[in-house]
Amino acid sequence: MRAVVCRKIGDPTEAMSESSAIYVNEEQPRPTLSSSSGTSLRVRVVAASVNFATVLTVEGKYQERPKLPFIPGIDYAGIVIEVGREVTDFNPGDAVCGVVDSNSGTLAEEIVTEVDRTYKVPKGVDLVQAGGLPVAFGTSHVALVHRAHLQAGQVLLVLGAGGGVGTAAVQIGKICGAIVIAAARGQEKAQLLKDLGADYVVDPSDGGLIKSVQAFLKSKNLKGVDVLYDPVGGKLFKDSMKLLKWGAHILIIGFTSGEIPTIPANIVLVKNWTVHGLYWGSYLQHKPQVVRESIQELLEMLGKGTLRVNVSHTFSLDQANQAFATIQQRQVMGKVMILPGEKLDDMNSTTTGAISKL
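Note that the structure is predicted; figures quoted are calculated from it, not measured. What you see as residue numbers is a count from 1 along each chain, following the sequence as written. In keeping with the model being predicted, local features are shown solely for residues with a pLDDT of at least 70 and side-chain atom pairs are shown and tallied solely at 80 or more, while totals for entire chains, interfaces and linings include all residues. Computation of side-chain values covers all heavy atoms of the structure but excludes hydrogens and water.

Focus on the pairing of strand E4 (residues 75-83)
If DSSP finds at least two bridges between two strands, the strands pair. Numbering of helices and strands starts at the N terminus; helices are DSSP runs of H or I of at least 4 residues and strands are runs of E of at least 2. Direction of pairing for strand E3 (residues 40-50) relative to E4: antiparallel, over a ladder of seven bridges. Paired with leucine 41 across the two strands is valine 83, which belongs to E4. Strand direction decides the pairing type here: E4 and strand E5 (residues 95-99), joined by five bridges, are antiparallel. Looking at E5, one finds that tyrosine 76 is bridged to glycine 98.

Below is the structure:
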């Protein structure tokens, strides 16, 4: 089968060649069901998600470092081809999505995965959207609902709101009944976030985050931000601390800025803030039932149209380096997806349903 393979730590955005960090292996061995586990599934991948963590993994900067060579990718959607002898809840032909463990990767035509990491996709749901849901929306749902316990009427500030976890946080915040302030750069992202329900969108490019948000809060007679959702870090995080109320919750999701900020413990004490570190991947090991219930709930909402996974770019396996570049250059609005079964010259489109709906 065909698969994107990382053969060395390096830059995933460089043109794929005999010496590049990633390349397309035309003769990657097709995965087979485990002889030791009867609970595995073989799945034809329709859509595989590219997350910021995927970029970091190839660069050797992520907390989990697979043994070289490896196939990148964490979450996906596809069609079941074959089931293990002990599998009763899935059948060949079922539409599924899920996440793979660190020994596997999703940027391939086929994968083998376990039933406890696999979810049925509701009928009529776009498989490209479903493939972009588990990590981004799972992260935001666990963070906001299970950790910060976001309540109706509270003020939620989402940094990096134009990306995958950001667009997810905005929508989940609105579903919880919060007043959502979204920070993102550029008019296109601003319009998307308004369409997704954000009450206020601020562009932090000119350094006016604090004054702009303060003006909005004053106009609504609000005292400050109750929950800060931060996948960015750096200066934006430092500025955002000035907007937090007494007793606020801080959700540390990641550091796409490349700068890991510090929080003075004395201020945390005086302000009675609660700081949450959220590494969603570790929930799969320590609290898998939380993840399972979370993704099931999210898929139900996706099926009902309560939320949507905005896919701004799609690529083929042969364009994997372009997919990584889109993430790295902050061009994405929502999700970047790779469609392993497609061989198209240019698949940069927000309309993917024609090739992926059941």
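Regarding helix H11 (residues 320-328)
Within H11, seven of the nine residues are buried, which leaves it mostly tucked inside the rest of the structure. For the exposure calls, accessible area comes from a 1.4 Å probe over protein chains only, and a residue counts as buried if that area is under 20% of its type's maximum, exposed if over 50%, partly exposed in between. Of the positions making up H11, those classed as buried are Ala320, Asn321, Ala323, Phe324, Ala325, Thr326 and Ile327. Immediately downstream of H11, the backbone of arginine 330 shows phi near 60°, a positive value.

Topic: the pairing of strand E8 (residues 155-158)
The two faces of E8 match: Val155 and Leu157 on one face and Leu156 and Val158 on the other face are all buried. For E8 and strand E9 (residues 179-183), the ladder comprises four bridges, and the chain directions are parallel. Bridge pairing in E9 links valine 158 to alanine 182. This β-α-β element, E8 to helix H4 (residues 164-175) to E9, shows right-handed connectivity. Both E8 and strand E11 (residues 225-230) contribute to a ladder of three bridges, which runs parallel. Each residue of the ladder has a partner; that of leucine 156, found in E11, is valine 227. Place the viewer so that the strands point away; then a crossover is right-handed whenever the path from the first strand over the helix to the second strand goes clockwise.

A closer look at the environment of serine 212
You can see serine 212 is positioned in helix H6 (residues 209-219). Since its relative accessible area comes to 19%, serine 212 is described here as buried. With 62 residues separating them along the chain, serine 212 and threonine 274 place their C-alpha atoms 25 Å apart. The contact definition used throughout considers only heavy atoms, calling two residues in contact when any of these lie within 4.5 Å. In this structure, serine 212 is in contact with Tyr200 and Val202, ignoring residues within four places of it in sequence.

A word on the layout of surface pockets
A cavity, in this analysis, means grid points on a 1 Å lattice covering only the protein atoms where a 1.4 Å probe fits yet has no way out; a pocket is instead an open set bounded by protein on both sides within 12 Å along at least five of seven lines, and a residue lines either one if it has an atom within 4 Å of a point. Grid points are joined across faces, edges and corners, and a volume is the space filled by probe spheres set on the points. As a volume, the second largest pocket reaches approximately 270 Å³. Along the walls of the second largest pocket sit 16 residues, with Gln28, Ile71, Asn103, Ser104 and Gly105 positioned nearest its centre. Three categories are distinguished: nonpolar for Ala, Val, Leu, Ile, Met, Phe, Trp, Tyr, Cys and Pro, charged for Asp, Glu, Lys and Arg, and polar for the others, with Gly belonging to the last. Its residues placed into classes, the lining of the second largest pocket shows nine nonpolar, five polar and two charged.

What about the UniProt feature "domain: Enoyl reductase (ER)" (unreviewed entry) in the protein?
UniProt positions are given in the numbering used here, feature names are shortened, and annotations may be inferred rather than shown by experiment. Listed under "domain: Enoyl reductase (ER)" (unreviewed entry) in the UniProt record, and renumbered for this structure, are residues 17-338. Structurally, residues 17-338 is divided into 33% helix and 24% strand, and its ends, taken at the C-alpha atoms, are 19 Å apart.

Section: the packing of aromatic side chains
Geometry of aromatic contacts follows a simple scheme: Phe, Tyr and Trp rings, the Trp one being its six-membered ring, pair when their centres are within 6.5 Å, and the pair is stacked under 30 degrees between planes, edge-to-face over 60, tilted otherwise. Tallied over the full model, the rule gives two aromatic pairs. Ring geometry for tyrosine 62 against tyrosine 279: centres 6.3 Å apart, planes inclined by 80°, an arrangement best described as edge-to-face. With tyrosine 62 in the loop between helix H1 (52-59) and E4 and tyrosine 279 in the loop between strand E13 (274-277) and helix H9 (280-286), the pair connects residues that are 217 residues apart, well separated along the chain. What makes tyrosine 62 buried here is its relative accessible area of 16%. Their ring planes at 10° and their centres at 4.7 Å tell us that tyrosine 200 and phenylalanine 216 sit as a pair that is stacked. Residue tyrosine 200 is found in strand E10 (residues 200-202), and its partner phenylalanine 216 is found in helix H6; the two are separated by 16 residues along the sequence. On the basis of relative accessible area, tyrosine 200 is assigned to the partly exposed category, the value being 24%. With relative accessibility at 7%, the residue phenylalanine 216 sits in the buried group.

As for the sheet that holds E9
Each strand in a sheet pairs with its neighbour through backbone hydrogen bonds, running either in the same direction (parallel) or in the opposite one (antiparallel). Within the open sheet, the six strands sit side by side as E10-E9-E8-E11-E12-E13. Their pairing is parallel. Because the sheet does not close on itself, it has two edges, and the strands there are E10 and E13. Taken over all neighbouring pairs, the strand axes of this sheet differ in orientation by 15° on average, direction set aside. In the sheet, strand E12 (residues 244-252) pairs with E13 via four bridges, with the strands oriented parallel. Residue pairing in the sheet places isoleucine 250 in a bridge with valine 275 of E13. Its contacts with the sheet put helix H3 (residues 134-147) on E8, E11, E12 and E13, and the angle it makes with E11 is roughly 150°. Axis geometry follows a simple rule: fit a line to the C-alpha atoms, using only the stretch in contact for helices, then measure angles between N-to-C directions, giving values from 0 to 180 degrees.

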